[in-house]
Amino acid sequence: MDATPKQKWSLFAVSIPVMLWTLIPLFWIFSLAVKPSSIQADGKYVPREITWDNFRLILTGGASDLFLPALRNSIIVCLLATLISVVLAMFCAYAIARLDFPGKKMILLVALGVSFFPVISLVTPLFDLWRNIGLFDTIPGLVIPYLSLTLPLSIWVLSAFFQQIPWEMEQAAQVDGATSWQAFRKVIVPLAAPGVFTTAIITFFTAWNDFVFAISLTSDNARTVPAALAFFTGASQFEQPTGAISAAAVIVTIPVVILVLIFQKRIVAGLTSGAVKG
Amino acid sequence: MSQIQLKEISKVYADGYEAVKKVSMDIADGEFMILVGPSGCGKSTLLRMIVGLEDITSGDLMIDGKRVNELAPRERNLSMVFQNYALYPHLSVYENIAFPLRLNKGGISDEEVKKRVGDAAEMLELNDHLERKPANLSGGQRQRVAMGRAIVRDADAFLFDEPLSNLDAKLRGQMRTEIARMQRRLGVTTVYVTHDQTEAMTLGDRVTVLKKGVVQQIASPRELYEQPVNLFVAGFIGSPPMNFLPARVEDRSLRLPFCEVPFGEEFADKVKGKDLVIVGLRPEFVKDAEIQDPVPGAVEFEADVDVTEWLGNELYAYIPFESDEAVRAKLDELDRDLDGEGMRTQMVVNLEARSRVREGERARFFFDPKLMHVFDPENGDNLTRNEEEAKRIAAESEEDRKRALERAKRKEAEAPA
């Protein structure tokens, strides 16, 4: 659908308030991050003075011991959780979309039910269990709960995508000489790519932003950024760590923005158009 | 190159529905076989069983004398063109055509792939579109890409599943001749499923007519047209379709709605004991007596014309008649089998364009009773089928086919490689 210039401008006009609504808090965080600590509480939205002290503090200064390992943990945990979740969800969703087996509905319903559970109700038993079996404060100890959190949604999204891909695609591949695995890898997965990227991004964000699991199931070794931020302290006990926290928040937002910019084109659905008659 | 044999192949679905019932046929090397029938006759199921996308419930499928029932599609070395083309939308036209070659592990070098895709693209006039994605192609171009993907590797046979049904009428005609040319040139055994009888008649060396999963007749298009074995085949082949008229058997003649047709000694035996038969008369066998002198032995009659349709090269005239109650049920059933609409009983005649027959007027017609078919109203069998003539036509078409193949091979050999 091509919008006329008039439609484009009216869409633009409508989106301005939405953009402001979402961007104002972001600018606020940025402004706090670059304000010197003396004027943190001056109540001005636009900083009078700009300083990079807060960034220096968390990257090379006193808070770097807390922040940098947490950043590393965050990256490792999120990438692992995303990778495993997407691969598992892909196989599961493919089976659900293509095969007729008893209990198929059951799996989908259970997956949906699981995603309704309030996260906080899982934390206490997990904390106990993890301490007993030695997963407390380890990277797998975080990856596993993230999987359980993100798999249901991933399976639902991906099975919807797989179901849209015409059966004939795969049959054509088989007739062309592909094994089932080849047909899956060379035809089905590329066609489901928008779905795969969507689930990957959802999974990554869920894990990246999680606070509840991160603060309850880790101590010093596997703490991720959202949890680590809670342990920031000011330069003295009379100072609030607001500036440092804001600076850290700005830094952890950067990978998220980059991810969205890279993948926004891939997320566009409708790749299957042209496969079958127009 | 290979021959395909079907021996009593049946398909029963999990819910007990029997889609294909004991179908047997031999498809010769290089032959163009058509599977045709109204929707739901099991023709596509049969094709999918040959290619291996559908399990065979019972019977044997042999390719070059080897039983292949249990082989996966990729092990059968057949290629197929799907009704909706099933192109890979994420790949360019070049990669779509090259796809089967790329799967061949280690066997084919990039240069060989390039050459073969180039050849196929050349043949199908796709050279200008190789870098485009299927989404940006027209229907006919997509169709050609699907064919390119089928011919690029040395498959033992080509299978087509209603490949032209998504194209508009003009393109369909063009692609039809394109397919015929390609098949002759490559000389590859081909099985082609269609519900369009024009495609069946023009493309096929032989045509298999199916009804509700049962083979009605396997014969050359000419034999189907001239010597159909039963009411169903007669009604299915030909356009406009054959007229079926109820006829009372009298002492030495058949009483039709418009006229009386005398018959000889030989015929009397065939209709002995029956007092009602169904007469099949093709629209083109009826002539306008005003502009043409009746042939010797012709039967003349007068009838009221209800509607006429002038098409430039011919004229259709519709003549209503009262159907006999006794055959009504049979003809209605036939109509349903042929996906008909249960329309009024009328006779269509296909006259010359210069005919002056006009609607609402009474006109004089004649036809040659020798061309008329007579069917048993009980089981639909054709009582006038001439087995010897049928054999002669079959032998002739087989000869034609071999000659055409040979000619194609000679041409191929002569052409600079």
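Residues numbered from 1 in each chain as written. Chains lettered and ligands numbered in written order. Predicted model: local features only at pLDDT ≥ 70, side-chain atom pairs only at ≥ 80, totals over all residues. Heavy atoms only, no water.

As a further point, take the side chain of Asp 196 of chain B. Residues and elements named next belong to chain B. For Asp 196, the location among the structural elements is in the loop between strand S8 (189-194) and helix H7 (197-203). For Asp 196, which is buried and forms no salt bridge, the nearest opposite charge comes from Arg 172, at a distance of 4.3 Å. There is a polar contact of 2.8 Å between the side chain of Asp 196 and the backbone nitrogen of Glu 199. Other than its neighbours up to four places away in sequence, Asp 196 contacts Val 36 and Arg 172. (Helix = DSSP H or I, 4+ residues; strand = E, 2+ residues; numbered from the N terminus. Buried < 20%, exposed > 50% of the residue type's maximum accessible area, 1.4 Å probe, protein only. Lys, Arg positive; Asp, Glu negative; His and termini not counted. Salt bridge = Lys/Arg side-chain N within 4 Å of Asp/Glu carboxyl O. Polar contact = N/O pair within 3.5 Å; in protein donor to acceptor, adjacent residues only side chain to side chain. Contact = heavy atoms within 4.5 Å.)

Our next topic: the interface of chain A and chain B. A common measure of how large an interface is: the accessible area buried when the components associate. Tallying the contact residues gives 24 residues for chain A and 26 residues for chain B. Buried surface at the junction of chain A and chain B, summed over both partners, amounts to about 2,200 Å²; 61% is from carbon and sulfur atoms. In this structure, the connection of chain A to chain B is made through eight residue pairs in polar contact (both at pLDDT 80 or more). Listing elements by their share of the side of chain A that touches chain B, those giving two or more residues are helix H7 (167-175) and helix H8 (180-191) of chain A. Looking at the side of chain A that touches chain B element by element, the count peaks at seven residues for H7 of chain A. (Buried area = accessible area lost by both parts, 1.4 Å probe.)

The next point concerns unusual backbone geometry. Residues and elements named next belong to chain B. Between Ser 239 and Pro 240 the backbone carries a cis peptide bond, its omega angle lying at -5°. Positive phi is not limited to glycine here, since Glu 125 has a value of about 55°. For Lys 212, which is not a glycine, the phi torsion comes out positive at approximately 50°.

Right, let's talk about helix H1 (residues 43-51) of chain B for a bit. Residues and elements named next belong to chain B. In terms of residue burial, H1 counts as a mostly covered element, since eight of its nine residues are buried. Residues of H1 that are buried: Lys 43, Thr 45, Leu 46, Leu 47, Arg 48, Met 49, Ile 50 and Val 51. Just downstream of H1, Gly 52 is the residue with a positive phi angle, here 100°.

Moving on to the domain arrangement of chain B. Residue and element names in this part refer to chain B. We note that the domain assignment places domain 1 (4-226) and domain 2 (231-385) within chain B. The centre of domain 1, based on its C-alpha atoms, is set 37 Å off from the matching centre of domain 2. Taking both partners together, domain 1 and domain 2 bury about 1,400 Å²; carbon and sulfur atoms supply 58% of that area. Three residues stand out in domain 1 for area buried against domain 2, namely Pro 38, Gln 197 and Tyr 225, and they jointly supply 44% of the buried area on that side. Inspection of the region where domain 1 meets domain 2 yields three salt bridges. The salt bridge partner of Lys 212 is Asp 337, with a shortest N-O separation of 3.2 Å. Inspection of the domain 1/domain 2 interface yields seven residue pairs in polar contact (both at pLDDT 80 or more). Put simply, the parts of the chain that give the side of domain 1 that touches domain 2 at least two residues each are H7, strand S9 (206-211), strand S10 (214-219) and helix H8 (221-226). Here the element with the most residues in the side of domain 1 that touches domain 2 is H8; it accounts for four residues. (Domains from an automatic or database assignment.)

What follows covers the sheet that holds strand S18 (residues 314-320) of chain B. In sheet architecture, strand pairing relies on hydrogen bonds along the backbone and comes in two forms, parallel and antiparallel. Residues and elements named next belong to chain B. Taken in spatial order, the three strands of this open sheet run S17-S18-S19, and their pairing is antiparallel. Two strands in the sheet have a free side with no partner beyond their single neighbour: strand S17 (307-310) and strand S19 (346-352). Each strand of the sheet is rotated relative to its neighbour by a mean of 20°, with strand direction disregarded. Relative to S19, S18 is paired through seven bridges, and the arrangement is antiparallel. (Pairing = 2+ DSSP bridges. Axes fitted to C-alpha atoms, helices over the stretch in contact; angles between N-to-C directions.)

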